[in-house]
Amino acid sequence: MRKLMMAVCFALLAGSTLSAQGRGNAPRMRTNPEQMAKRMAGKLMLDDETSAKFIPLYEEYMQKLAECRIPGKKMGSQAAQSDKDIDENIKASFSAQEKRLDVQKSYYDKFKKVLTMRQVQQLYERPDMGSRPRFQGQRQHPAPRR
């Protein structure tokens, strides 16, 4: 009887850890630019008139940023890459970062015409703009001593 109880407990424990894994390889759903623009307009608390100007501009901005993404990595392990491949990848990364910065600068002037400076600041403080830590649990400042 004792062995049976131990086996049941072990099975329950193993089953609970397996169910906690979630959807490991399931594809992530991507939101379309229109949904992102509407969500950002809501976050910035825009009125209807400003929102009508902002949403198409923001959709265009997100499309331009998407075009600046770093090209996909070549298949194979990093150890198998030659020095030339590594050099090309780094240069491509620099080029993509420069294009992204150029897009951000050009749309900054366009956003200033539609939004207040506080709203522009809030727009550019998004996590993917590099102004916040990547991990939400990461602290900005050390905890004060008592």
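The shown structure was predicted, so the numbers you read here are calculated from the model rather than taken from an experiment.

Visitor: I keep staring at the packing of helix α4 (residues 83–114) against helix α5 (residues 117–124) and nothing clicks. Help me out?
Guide: Between two packed helices, the angle of one axis relative to the other and the distance separating the axes together describe the packing. Where α4 meets α5, the closest approach of the two axes is 10 Å, and the angle between their N-to-C directions is 150°. The angle between the axes of α4 and α5 places the two elements in the roughly antiparallel class. Every pair of crossing elements has a handedness; the one defined by α4 and α5 is right-handed. Of α5, the residues touching α4 (which contributes Q104, Y107, Y108, F111 and K112) are M117, V120, L123 and Y124. Each residue belonging to the contact of α4 with α5 can be placed in one class, and the counts come to 7 nonpolar, 1 polar and 1 charged.

Visitor: Help me understand a nonpolar patch on the surface in this model?
Guide: Together, I86, I90 and F94 make up a nonpolar patch on the protein surface, roughly 260 Å² of accessible area in all. Tracing the chain through its elements places I86 in helix α4. Residue I86 is classed as partly exposed on the basis of its relative accessible area, which comes to 33%.

Visitor: What's the story with unusual backbone geometry in this structure? I'm lost.
Guide: Of note, M45 is a non-glycine position whose phi angle comes to about 55°, a positive value. Following the sequence through the fold, M45 ends up in the loop between α2 (33–43) and α3 (48–67).

Visitor: What exactly am I supposed to notice about α4 here?
Guide: Residues three or four positions apart in an α-helix share a direction because the helix packs 3.6 residues into each turn. An ideal rise of 1.5 Å per residue puts 46 Å on 32 residues; α4 measures up with 47 Å between its terminal C-alpha atoms. The largest bend along α4 reaches roughly 25° and is located at Y108. Three or more residues of α4 are buried, namely S93, A96, V103, Q104, Y107 and F111. If you follow the buried residues of α4, they end up packed against α3 and α5.

Visitor: When you look at the packing of α3 against α4 in this model, what are you seeing that I'm missing?
Guide: Between α3 and α4, the shortest axis-to-axis distance is 10 Å and the interhelical angle comes to 175°. Taken together, α3 and α4 sit at an angle that is classed as roughly antiparallel. Residues T50, K53, F54, L57, Y58, E60, Y61, K64 and L65 of α3 lie in contact with α4, whose contacting residues are R100, V103, Q104, Y107, K110, F111 and V114.

Calculation rules
- Numbering of residues begins from 1 in every chain and follows the order in which that chain's sequence is written.
- Totals for whole chains, interfaces and linings use every residue, but because this is a predicted model, local features are given only for residues with pLDDT of at least 70 and side-chain atom pairs only at 80 or more, for both listing and counting.
- No hydrogens and no water enter the side-chain calculation; it runs on all heavy atoms of the structure.
- Only the contacting stretch of a helix is used when fitting its axis, a line to C-alpha atoms as for every element, and angles between N-to-C directions run 0 to 180 degrees.
- Only DSSP runs of H or I reaching four residues or more are called helices, and only runs of E reaching two or more are called strands; each is numbered from the N terminus.
- Put simply, angles under 35 degrees are roughly parallel, angles over 145 are roughly antiparallel, angles from 65 to 115 are roughly perpendicular, and the rest are oblique.
- In this scheme the crossing of two helices becomes right-handed for a clockwise turn of the near helix relative to the far one and left-handed for an anticlockwise turn of less than a right angle.
- We call two residues contacting when some pair of their heavy atoms lies within 4.5 Å.
- For this scheme, ten residues count as nonpolar: Ala, Val, Leu, Ile, Met, Phe, Trp, Tyr, Cys and Pro. Four count as charged, namely Asp, Glu, Lys and Arg, and the remainder, Gly too, count as polar.
- Patch definition: residues above 30% relative accessible area lacking any salt bridge, with like charges linked at up to 9 Å and the nonpolar side chains Val, Leu, Ile, Met, Phe, Trp and Tyr linked at up to 5 Å.
- Calculation of accessible area relied on Shrake-Rupley with a 1.4 Å probe; when residues are assessed, cover is drawn exclusively from the protein chains displayed.
- Salt bridges are counted wherever a side-chain nitrogen of Lys or Arg sits within 4 Å of a carboxyl oxygen of Asp or Glu.
- For the exposure calls, accessible area comes from a 1.4 Å probe over protein chains only, and a residue counts as buried if that area is under 20% of its type's maximum, exposed if over 50%, partly exposed in between.
- Multiplying one less than the number of residues by 1.5 Å gives the expected span of a helix.
- The seven residues ending at a residue and the seven starting there each receive a fitted axis; the angle between those axes is the bend at that residue.

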